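Understanding the architecture of this molecule
So the chains spell out like this:
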Amino acid sequence: MSPVRPADYPPPFSPSEAIAEPTDPPDERIDVGVLIVGGGPAGLACAIRLGQLLEQAPELAARLGDVPVALVEKGKLPGSHLLSGAVVNPRSLRRLFRGRKTIEDMPTYGSVEAESVLFLTPRGALRIPTPPTMMNHGNVVASLSELGRWLGAEAEELGTTILPETAAEKLLVSGGRVVGVRTGDKGLGRERQPLGNHEPGSDLLARVTVLAEGTQGHLTGAALDRFGLSGENPQVWALGVKEVWRVAKPLRRVIHTLGWPLRKAPRFREFGGAWIYPMGDDMVSIGFVVGLDYRDVELSAHDLLQELKTHPRIRRILAGGERLAWGAKTIPEGGFVALPRRLHAPGLLLCGDGAGMVNVPALKGIHYAIESGRLAAEAAFAALQPGRTAWTPGALESYDASIRDSFIWTDLQQVRNMRQAFGRGFWLGGALAGVMTATKGKFPPGESRTERDSDHALLRTDRARSYPAPDGKLTFDKLSSVFASGNRTRDDQPDHIRIERRVPIDLAEMWVRMCPAQVYELGEGEGNGTVNVSVTPSNCVQCGAITAKGGRLTPPEGGSGPEYTLT
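Counting restarts for each chain, with residues numbered from 1 along the sequence as it is written. Confidence filtering applies because this is a predicted model: local features only for residues at pLDDT of at least 70, side-chain atom pairs given and counted only at 80 or more, and all residues used for totals across whole chains, interfaces and linings. Processing note: side-chain calculations cover all non-hydrogen atoms of the structure and skip hydrogens and water entirely.

**Comments concerning the overall build of the protein**
Counting from the N terminus, the helices are the DSSP runs of H or I reaching at least four residues and the strands are the DSSP runs of E reaching at least two. Counting its secondary structure elements, the protein contains 15 helices and 25 strands. Computation of the radius of gyration draws on C-alpha atoms alone. For the globule rule, the value is 2.2 Å times the number of residues to the power 0.38. On C-alpha atoms alone, the protein measures out to a radius of gyration of 23 Å, which is about the 24 Å that the 2.2 N^0.38 rule sets for 567 residues. In terms of overall dimensions, the protein has C-alpha extents of about 65 × 55 × 50 Å along its principal axes. Per-residue burial for the protein yields a buried fraction of 60% across its 567 residues. Contacts in the protein between residues at least 24 apart in sequence constitute 79% of all its contacts with a sequence separation of at least 6. In the form shown here, the protein has an accessible surface area of approximately 22,000 Å², with 51% of it arising from carbon and sulfur atoms. One finds the centroid of the 65 positive side-chain charges in the protein at a distance of 7 Å from the centroid of its 64 negative side-chain charges. Throughout this description, buried means an accessible area under 20% of the type-specific maximum (1.4 Å probe, protein chains only), exposed means over 50%, and partly exposed covers the range between. Any two residues having at least one pair of non-hydrogen atoms within 4.5 Å are treated as being in contact. Each accessible area value is a Shrake-Rupley result obtained with a 1.4 Å probe; residue values ignore everything except the protein chains displayed when judging cover. Under the convention used here, Asp and Glu are negative, Lys and Arg are positive, and both His and the chain ends fall outside the count. All charge positions are set by atom: Lys at NZ, Arg at CZ, Asp at CG, Glu at CD.

Below is the structure:
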C-alpha cells in the first residue's frame, strides 16, 4: 500500500475564490486612503507610522478623504487573535515611536534578567550553552495580545479608523491592480442562509492595500498566487500551543528546552521545543512548538505540551499554580529561502508573518513584523504624494528595496538554511546549525530547498500512549482548553474549513490529533481504509494548522474565534 501524503487529498478550494472585482454600486462603496488588513504588530505599526506621517502632511491627509487610514481586524478588537511567546526585541518599537513613547510606557513584564537552555530527557534536564541566536539580553517579555491592544489605542489616537469584528473575505482586483477588499457577511446560518440579524459585506476601496494578516493569511495566499509573487521555495510552518499560569513562586529567568518529548530520529522529522517565560512575579507563559513537517499520525502539539508539564523540572515551576489562559497559532518557518520574490504588486504591500518574516533559530518575528509595517507605511506614503499614482507598476517598489536594506533581510539571510538542516535529524541538524552560526550563514554555501509540510508521507507509531490523561489541574483536555481561549464562535455559523471529507484513515486521524481545538472527528469507515471526517467549526481557534497539512482555513464570521487577553 502506497504511503499517504496530505497533499494527495487537496481541499475543495482555489485561491481564485478569494479574488473578485468590486460588486457594490459606486455610491455604496466605502472609500479610504490606505487600507490595512490585520490588527497584529505589522498592521498596527503600519497604521501608527502612517498617522505620524500624515500629522506632518495635513494636505495629503485631506486629499485621502474622511478616512485616510482604515484597519480591518477579524477579532473582537486588536489583540483578540494575537498569540506569541513572547520575548520581544525592542529595536523596532523604538524606531517606530522615535522618542514619542518609551519601552517603559508599553505593557511588558520587564527585561530578560537571565536565561537557560535545557536539553530534556524524560526525567532529567541538562543545561547547555545558550546558542548565540537565542540570546535575549536587552529583550523584554510581553503578552502579544496585551501589546496589540495598546498599539491599537495608539493607532486610533493618531487617526486610524479601526473596524473590528470585520473579516476580509476577498481581495478586490480591477484592471490588474488591487483596489481594496470585500468584507464577509455577518448573520448567516449553517447553510449560508440569511438570518434575522444578517449584515451583508461591503466593498472597501483604497489607493493602497496593506496585507498584514499574520500567519496563514487568507488574502495573502491568494495575492501570492494571483500576482506570481511566491518565492522559489514553499512556505513551511510550525504549530505552537501556549498556556499562561498563575504560579506560587516567581520565575526569574527565560527558559527554552530542546529534546524530550520530541524524538530525535530523522524519520520522524520532529523539530521544535518549549519555552517558559516569566510574566511578572506571579505568572508564567509556557508553550510548545513543533514543526508541521512531522510525519507521525499520532503526534499532537497540545498533548506534547501536557506531557512536557509532567517533567519534574517543569512541574516544580507550576506547582501550586492555576492555568489562566490557553491558545494556539501557527508560525511561518521557511525563513529567507521561502520569502516572496516580491513584496508588492500594483496597489498592494505584504508585511509581517504573512510574508514569512520569522527568524526560527532566534525564535523571533514580532520586531520584524513591526519594522516591515513601518517600512510599508513609508512606501505607501511616498506613493501617495502629489503627481504619483500608487497602483502603477513599480510605484511601491521602494518597499522591497527598504526591506532588503533593513536588518530583517540581513538577519534572515544569515540563518537561511538552519530550519532545513533539522530535517536531517536533531544531532546532524544541530551540528550544521552550529557551523552556520559560526560562519553567519556563509557555510554551507547556497540555499537549501524546502518541501511543503503536506508532501511528507505519514507513518504511524503508538506515540499517543505516552500522553498523560487530563487531570484538570496540571494537564488538560482540548475542549476545556478551547473554553479557556474565550472562543466566541456561533454554533450555527457557516463552516469556514475546507477539507476533503473522505480520506484514508491515517490522514483523518492525523487531522484529529494535530488540531489543538478538537475540530475534527473520525466518522464512519467506508472500507479500503477510508473514513468520513466530521467537522465542528465552532471549536476552531483559527490556528491555521489545517492549511499546512492538506486543508484550507478560510475566514469565519468577523468577531468569531478566540478572545485572547493574556497570550
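**Overview of the pattern of salt bridges**
Think of a salt bridge as a Lys or Arg side-chain nitrogen and an Asp or Glu carboxyl oxygen that are within 4 Å of each other. Within the structure shown, the criterion is met by 29 salt bridges. In this structure, the salt-bridge partner of E563 is K76, at a minimum N-O distance of 3.7 Å. Pair noted here: E563 is in the segment after strand 25 (552–553) and K76 is in the loop between strand 3 (69–72) and strand 4 (87–88), with a separation of 487 residues, a long-range link. Residues E509 and R460 are paired through a salt bridge, measuring 3.1 Å at the closest nitrogen-oxygen approach.

**Regarding the packing of helix 1 (residues 41–55) against helix 8 (residues 366–383)**
Any two packed helices are characterised by the angle at which their axes cross and by the distance between the axes. The convention used is that axes are lines fitted to C-alpha atoms, helices contributing only their stretch in contact, and that angles between N-to-C directions extend from 0 to 180 degrees. Two elements in contact, helix 1 and helix 8, have axes separated by 7 Å at closest approach and are oriented at 40 degrees. On the basis of their axis angle, the class for helix 1 and helix 8 is oblique. Here helix 1 and helix 8 pass one another in a crossing that is right-handed. Contacts from P41, A42, A45, C46, R49, L50, L53 and L54 in helix 1 reach I366, A369, I370, S372, G373, R374, A376, A377, E378 and F381 in helix 8. Classification used: nonpolar for Ala, Val, Leu, Ile, Met, Phe, Trp, Tyr, Cys and Pro, charged for Asp, Glu, Lys and Arg, polar for all others including Gly. Partitioned by chemical class, the residues of the contact of helix 1 with helix 8 number 13 nonpolar, two polar and three charged. Oblique is the label for any angle not covered by the other classes, which are roughly parallel (under 35 degrees), roughly antiparallel (over 145) and roughly perpendicular (65 to 115). In this scheme the handedness of a crossing depends on how the near helix is turned from the far one: anticlockwise by less than a right angle means left-handed, clockwise means right-handed.

**Details of the packing of helix 8 against helix 9 (residues 397–404)**
Two numbers describe how helix 8 lies on helix 9: the axes approach to 9 Å, and their chain directions differ by 145 degrees. Judged by the sense of rotation from one axis to the other, the crossing of helix 8 with helix 9 is right-handed. Every residue of helix 9 that contacts helix 8 at S372, L375, A376 and A379 is listed here: S398, Y399, S402 and I403. The residue makeup of the contact of helix 8 with helix 9, split by class, is five nonpolar, three polar and no charged.

**Quick notes on the sheet that holds strand 18 (residues 322–332)**
Spatial strand order, 6-5-15-16-17-14-18: seven strands in an open sheet with mixed pairing. Of all the strands in the sheet, just strand 6 (125–128) and strand 18 have a single pairing partner and so form its edges. For this sheet the average axis-to-axis angle between neighbouring strands, irrespective of direction, equals 20 degrees. Across the sheet, helix 6 (residues 301–308) lies against strand 5 (115–120), strand 14 (237–246), strand 15 (254–259), strand 16 (272–279), strand 17 (283–291) and strand 18, angled at about 130 degrees from strand 17, the strand it touches most. When DSSP finds two or more bridges between two strands, those strands count as paired.

**Brief notes about the packing of aromatic side chains**
For this analysis, a ring pair means two rings from Phe, Tyr or Trp (six-membered ring only for Trp) whose centres lie within 6.5 Å, classed as stacked if their planes differ by under 30 degrees, edge-to-face if by over 60, and tilted for the remaining angles. Scanning all chains against the criterion turns up six aromatic pairs. Between Y368 and F407, the ring centres sit 6.1 Å apart and the planes meet at 40 degrees, which makes this aromatic pair tilted. Placement of Y368 in helix 8 and of F407 in helix 10 (residues 407–414) is noted, with a sequence separation of 39 residues between them. Residue classification places Y368 among the buried positions, given a relative accessible area of 1%. The exposure class assigned to F407 is buried, which follows from its relative accessible area of 9%. Here, a charge over a ring means that NZ of Lys or CZ of Arg falls within 6 Å of the ring centre while also lying within 35 degrees of the ring normal. Sitting above the plane of the F407 ring, R91 keeps its charged end 3.7 Å from the centroid. When the ring centre of F476 is taken as reference, the NZ or CZ atom of R323 above it lies at 3.8 Å.

**Quick look at the layout of surface pockets**
Size it by volume and the second largest pocket reaches roughly 920 Å³. Those elements that place two or more of their residues in the lining of the second largest pocket are helix 5 (218–226), helix 15 (545–548) and strand 25. The greatest single-element share of the lining of the second largest pocket, amounting to five residues, is contributed by helix 5. Each residue belonging to the lining of the second largest pocket can be placed in one class, and the counts come to 14 nonpolar, 16 polar and six charged. Buriedness for pockets is judged along seven lines, at least five of which must meet protein on both sides within 12 Å for an open set on the 1 Å grid over protein atoms alone, while cavities are sets there where a 1.4 Å probe fits but cannot get out, and lining residues have an atom within 4 Å of a point. Grid points are joined across faces, edges and corners, and a volume is the space filled by probe spheres set on the points.

**Describing the sheet that holds strand 22 (residues 502–504)**
The strand order 22-24-23 describes an open sheet built from three strands, whose pairing is antiparallel. If you trace the sheet from one side to the other, it starts and ends with strand 22 and strand 23 (520–525), each paired once. The average angle at which neighbouring strand axes cross in this sheet is 45 degrees, direction not considered. In terms of strand pairing, strand 22 meets strand 24 (residues 530–535) through three bridges, oriented antiparallel. Each bridged residue has a counterpart across the sheet, and for V503 the counterpart in strand 24 is V531.

**Here we look at empty space enclosed by the protein**
The gaps left among the atoms become clear once a water-sized probe is rolled over them. Taken as a whole and judged by the stated rule, the model has two cavities of 30 Å³ or more. One number sums up the size of the largest cavity: a volume of about 100 Å³. If you go around the largest cavity, you meet 14 residues; those closest to its centre are C515, Y520, C540, C543 and I546. Here the residues of the lining of the largest cavity sort into twelve nonpolar, two polar and no charged.

**Re the state of the cysteines**
Our working definition of a disulfide is a cysteine sulfur pair at a distance within 2.5 Å. By the definition in use, this model includes zero disulfides. Its sulfur unpaired, C540 is 6.5 Å from the next cysteine sulfur, which belongs to C543.

**What about the environment of T567?**
Within the fold, T567 resides in the segment after strand 25. Taking the C-alpha atoms as reference points, T567 and D296, 271 residues apart in sequence, are found 28 Å from one another. Filtering out sequence-adjacent residues up to four positions away, T567 remains in contact with L82, L83, S84, S143, L144, S145, K242 and W326. Among the polar contacts listed, one links the side chain of T567 to the backbone oxygen of L82, at a separation of 2.8 Å. Within 3.5 Å is the distance limit for a polar contact, defined as a pair of N or O atoms, with the added protein rule that one can donate a hydrogen and the other accept it, and that residues adjacent in sequence qualify only through two side-chain atoms.

**Remarks on the side chain of N139**
Within the secondary structure, N139 is located in the loop between strand 6 and strand 7 (140–141). Accessibility expressed as a relative area gives 6% for N139, which makes it buried. Ignoring sequence-local partners within four residues, the contact set of N139 consists of V87, V88, N89, P90, G110, S111, V112 and K364.

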